[in-house]
Amino acid sequence: MATLFARVVCADRSGKESEVAAVIGNAATAVHVDLGVSGQAQHMIASAEKSGRSDDAAARADRGELRYRTRMLPILYSFRRCPYAMRARLALDASAQACELREVVLKHKPDAMLQASPKGTVPVLIVSDGTVIDESLDIMTWALDRNDPEQWLTPEMESHTQMLSLVRQFDTHFKFHLDRYKYPTRYADADADASRDEASADLQSLEVRLTGTRWLYGERTALADMAIAPFVRQFASVDASWFASQPWPQVRRWLATIVASARFQRVMRPVDAWIAGAPGIAFPFDH
Ligand SMILES: N[C@@H](CCC(=O)N[C@@H](CS)C(=O)NCC(=O)O)C(=O)O
């Protein structure tokens, strides 16, 4: 898999630009770039050329016909099994937003992540200008604002605001009860059965929606589907046979479709934990 943390933009004398890095990002050969060092950029171009993927870019750079610059890619601190990080990765994948993925061990959070976001939760995205985005929903919106080819931000039915209010209901009421249902011993006040009932009421409202349409907001996926599904998946796995026996065939169909999708499988690909100082992993992963 290619290791790519910078885009290299080449411009010829007429000023016409082309992004060599996009090519390298998909190349089979691994190229590690030291950010912002033009010699490394030249190395990248040469490597791309050697792998036969980039016309004659290296030769043209040598002849001074091209100038090039590197642009740092966003860094995503993530934890594979965290539902918040999952939805951030789903949106980054949908928007084809290249970034450097750093898989975190929650018990040993990297200093660099804590410096950027002292609250210590994943996901954290550090964008190229240094801006830190440390709420998963904000990361989704940031990515989709830049590129939203599947129109996740524009639901087919109802408004963006209404869609966000359903997401908020799941982020608050459903999540609160999911935690108490899944981990009753962690909460002094937990009543697992009562919490299961409370969360079930939220799922019943999804069942009603999904009886009329394939997805929560129409016949195509929207932000709400992907923002909510990772939490419903967690709920379903607490007691799979109980979940299968509930009167929610449409919720099961919806969840199974998302979990089996190529995108979900892709963002759940196992990755090694990031070691400080070492390169992370190019994300989104190749299709
Ligand atoms: N509101 C945050 C919540 C993120 C969150 O709570 N992530 C969990 C993992 S699923 C976490 O990092 N917890 C800190 C820890 O376990 O140390 C978001 O949407 O990004």
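Look above for the structure.
Quick caveat, the model's predicted, so the values are computed rather than measured.

Focus: the environment of Val 124
- With respect to the element layout, Val 124 can be found in strand 6 (residues 124-126).
- Between the C-alpha atom of Val 124 and that of Asp 138, which follows or precedes it by 14 residues, the distance is 10.0 Å.
- Excluding residues within four positions of it along the chain, Val 124 makes contact with Ile 75, Leu 76, Tyr 77, Met 113, Ser 117, Val 132, Ile 133, Asp 134 and Ile 139.

Thoughts on the site of the ligand
- Near the ligand, the surroundings consist of Cys 82, Pro 83, Tyr 84, Leu 106, Lys 109, Gly 120, Thr 121, Val 122, Pro 123, Asp 134, Glu 135 and Ser 136.
- Interatomic distance of 2.5 Å between a side-chain N/O atom of Lys 109 and an oxygen atom of the ligand.
- Here Ser 136 contributes a side-chain N or O atom positioned 2.6 Å from an oxygen atom of the ligand.
- Here the residues of the shell around the ligand are counted per class, giving six nonpolar, three polar and three charged.

Concerning the sheet that holds strand 6
- Pairing in this open sheet of five strands is mixed, and the strands run 7-6-4-5-8 from one edge to the other. If you trace the sheet from one side to the other, it starts and ends with strand 7 (132-133) and strand 8 (281-283), each paired once.
- Direction of pairing for strand 6 relative to strand 7: antiparallel, over a ladder of two bridges. Pairing of Leu 125 across the sheet is with Ile 133, part of strand 7.
- Those strands touched by helix 4 (residues 83-94) are strand 4 (75-78), strand 5 (99-103) and strand 8, and its axis lies near 150° from that of strand 4.

Side note on unusual backbone geometry
- Backbone torsion omega between Val 122 and Pro 123 reads 5°, so that peptide bond is classified as cis.
- With an omega of -5°, the peptide bond running from Phe 283 to Pro 284 counts as cis.
- Along the chain, Pro 284 turns up in the segment after strand 8.
- At Gln 151, a position not held by glycine, the phi torsion is positive, near 60°.
- With a relative accessible area of 39%, Gln 151 lands in the partly exposed category.

Some points on the nonpolar core
- Judged by nonpolar contacts, the single largest core of 57 residues is most densely connected at Leu 206, Ile 228, Val 232, Phe 235, Phe 243 and Trp 254.
- Considering every element that reaches this core, the biggest residue donor is helix 9 (residues 223-238), with ten residues.
- Looking at which domains feed residues into this core, each of domain 2 (75-149 + 269-283) and domain 3 (160-264) supplies at least three.
- Each residue touching Leu 206, except ones within four places of it in the same chain, is listed here: Leu 166, Phe 170, Leu 216, Ile 228, Val 232, Val 251 and Trp 254.
- Core analysis: the second largest hydrophobic core is formed by eleven residues, Tyr 77, Cys 82, Ala 85 and Trp 274 among them.

A closer look at the pairing of strand 5
- With five of its five residues buried, strand 5 lies for the most part within the structure.
- For strand 4 and strand 5, the ladder comprises four bridges, and the chain directions are parallel. Within the sheet, the bridge partner assigned to Tyr 77 lies in strand 5 and is Arg 102.
- Note on the crossover from strand 4 through helix 4 to strand 5: the handedness is right-handed.
- Where strand 5 lies against strand 8, three bridges are found, and the strand directions are antiparallel. The partner of Glu 100 across the bridge, within strand 8, is Ala 282.

Rules used in this analysis
- Residues numbered from 1 in each chain as written.
- Predicted model: local features only at pLDDT ≥ 70, side-chain atom pairs only at ≥ 80, totals over all residues.
- Heavy atoms only, no water.
- Helix = DSSP H or I, 4+ residues; strand = E, 2+ residues; numbered from the N terminus.
- Contact = heavy atoms within 4.5 Å.
- Near = heavy atom within 4 Å.
- Polar contact = N/O pair within 3.5 Å; in protein donor to acceptor, adjacent residues only side chain to side chain.
- Nonpolar A, V, L, I, M, F, W, Y, C, P; charged D, E, K, R; others polar.
- Pairing = 2+ DSSP bridges.
- Axes fitted to C-alpha atoms, helices over the stretch in contact; angles between N-to-C directions.
- Buried < 20%, exposed > 50% of the residue type's maximum accessible area, 1.4 Å probe, protein only.
- Core = buried A, V, L, I, M, F, W, Y, C linked by side-chain atoms within 4.5 Å.
- Domains from an automatic or database assignment.
- Right-handed = clockwise from strand over helix to strand, strands pointing away.

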